[in-house]
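Residues per chain, in single letters:
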Amino acid sequence: MKLNSTPVERIDFCGYPVFVKRDDMLHPEFSGNKARKFRFFLDNDFPYVRRLISFGSPQSNALYSLSALAKMKGWQFDYYVDHIADQVLKSTQGNFVGACINGANVINLSQVADRRERSCSAYIDDLVSKDDDSVLVIPEGGRCEYAQYGISQLGEEILIWMRAQQLNELWVFLPSGTGTTALYLASFFKKKGHSVHVMTCAAVGGSDYLKQQFSQLVSNTCFHPNVIEVPKKFHFGQLYRPFYEMWKRLNDTGIEFDLLYDPLGWIVLESYLLQNDLLQHKCQKKPSRPILYIHQGGLLGNASMLPRYQRKFG
Ligand SMILES: *Cc1c(COP(=O)(O)O)cnc(C)c1O
């Protein structure tokens, strides 16, 4: 099972050379940034745990990776969702179906009689007693300090690659959901004093919301990544023609990207390159500012997203 040391490839993006860290090449069951975020739980023993609990979207990559984790560990896995769209229930591929095949027990709170308008996290708080050692609760999207363990390994790999390339300075870009990956990556480099600038953008909520999320995990803003503004408002999980067009352009690089986060990530990176006049230096052998884009996986989700895009935009 490949869980670290992914390769870095160089692609041409609008003529500008961008390096891509291929974390999508981690093991498909436990892939992308979820493999990094949940690595702590894989590497450690939890002798009393019998049941894993989490919550979030029924289409999320976290649901699938956690189902694989629970299967490997022999844990029961209960995953709470607000509701499940018919489209998701009918799908034959993707994260939801894959997780169910792995044995995930997905609990739809909109059909639970005793919900009393509680959110998933409030419902779980009331359900699980704090001192029950047999239950492990992982917050939505793996947004917790345990994520630091695996993300530091990603940071180490980037440093090793930089040394091999004889780079003294690097700009790392990755789109954020909860922002956990970008945050712990930025704080890893800053605490060690490396000239690696982590930049991100908010795919969920807006920039201010993302910064609040950072502060809840790490209060010192010096350790936070740089948040690049999104040029237009997009709602997470919705289909946009510019996303689909960007995704198709990216396919020409020979690397498949995810359809939820990456189209926005590359739209924002393109606007960043334009704003910083970096595209004038294109076609150079050595980029004037070396940029490393983190491919965070999520390709299983494309199996359900791509048919929706094709139906909508042809
Ligand atoms: C989960 C995920 C993200 C968001 O990661 P955060 O750590 O929550 O910011 C980005 N891209 C892909 C492909 C993901 O699966």
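The rules behind each value
- Residues numbered from 1 in each chain as written.
- Predicted model: local features only at pLDDT ≥ 70, side-chain atom pairs only at ≥ 80, totals over all residues.
- Heavy atoms only, no water.
- UniProt positions renumbered as here; feature names shortened; annotations may be inferred.
- Salt bridge = Lys/Arg side-chain N within 4 Å of Asp/Glu carboxyl O.
- Helix = DSSP H or I, 4+ residues; strand = E, 2+ residues; numbered from the N terminus.
- Buried < 20%, exposed > 50% of the residue type's maximum accessible area, 1.4 Å probe, protein only.
- Arc of directions from axis to C-beta.
- Contact = heavy atoms within 4.5 Å.
- Near = heavy atom within 4 Å.
- Polar contact = N/O pair within 3.5 Å; in protein donor to acceptor, adjacent residues only side chain to side chain.
- Areas by Shrake-Rupley, 256 points an atom, 1.4 Å probe, with all protein chains shown as cover.
- Nonpolar A, V, L, I, M, F, W, Y, C, P; charged D, E, K, R; others polar.
- Pairing = 2+ DSSP bridges.
- Axes fitted to C-alpha atoms, helices over the stretch in contact; angles between N-to-C directions.

Naming follows an unreviewed UniProt entry, where the protein appears as 1-aminocyclopropane-1-carboxylate deaminase/D-cysteine desulfhydrase of Shewanella surugensis. In UniProt, the protein has this text filed under Cofactor (unreviewed entry): "pyridoxal 5'-phosphate". Its UniProt record gives the protein a comment under Sequence similarities (unreviewed entry), which states: "Belongs to the ACC deaminase/D-cysteine desulfhydrase family."

Turning to the pattern of salt bridges, a few remarks are in order. Counted under the stated rule, the structure contains 13 salt bridges. The salt bridge involving Lys 71 is made with Glu 29; its shortest N-O contact spans 3.9 Å. Residue Lys 71 is found in helix H3 (residues 61-73), and its partner Glu 29 is found in the loop between strand S2 (16-22) and helix H1 (32-37); the two are separated by 42 residues along the sequence. You can call Lys 71 partly exposed: its relative accessible area is 48%. For Glu 29, a relative accessible area of 19% translates into the label buried. Close ionic contact of Asp 82 with Arg 115 constitutes a salt bridge, the shortest N to O distance being 2.5 Å. Of this pair, Asp 82 sits in the loop between strand S4 (76-81) and helix H4 (86-90) while Arg 115 sits in the loop between strand S5 (105-108) and helix H6 (120-127), and the two are 33 residues apart along the sequence. For Asp 82, a relative accessible area of 40% translates into the label partly exposed. Several salt bridges converge on common partners, so that one network encompasses Lys 21, Asp 23, Arg 36 and Glu 157.

To continue, consider helix H10 (residues 241-251). Residues Phe 243, Tyr 244, Met 246, Trp 247 and Leu 250 constitute the buried set of H10. Here the buried residues of H10 occupy an arc of 165 degrees about the axis, which is enough to place them on one side. Of the surrounding elements, those touching the buried residues of H10 are strand S1 (8-13), helix H11 (262-275) and helix H12 (302-313).

Looking now at the site of the ligand. Around the ligand, the structure places 16 residues, and the nearest of them are Lys 34, Lys 37, Asn 61, Thr 178 and Thr 181. Contact between the ligand and Asn 33: an oxygen atom at 2.8 Å from a side-chain N or O atom of the residue. In this structure, an oxygen atom belonging to the ligand sits 2.5 Å away from a side-chain N or O atom of Thr 178. Summarising the interface, the protein chains cover 97% of the accessible area of the ligand, which totals 390 Å² for the free molecule. Those elements giving two or more residues to the shell around the ligand turn out to be H1, strand S7 (170-176) and helix H8 (180-192). Counting residues per element, the shell around the ligand draws most heavily on H1, which supplies three residues. Residue classes in the shell around the ligand are distributed as two nonpolar, eleven polar and three charged.

Spatially, six strands are ordered S1-S2-S10-S7-S8-S9 in an open sheet, and the strand pairing comes out mixed. Of all the strands in the sheet, just S1 and strand S9 (226-227) have a single pairing partner and so form its edges. On the sheet, helix H7 (residues 147-165) packs against S1, S2, S7, strand S8 (196-202) and strand S10 (291-295) and is oriented at approximately 145 degrees with respect to S10.

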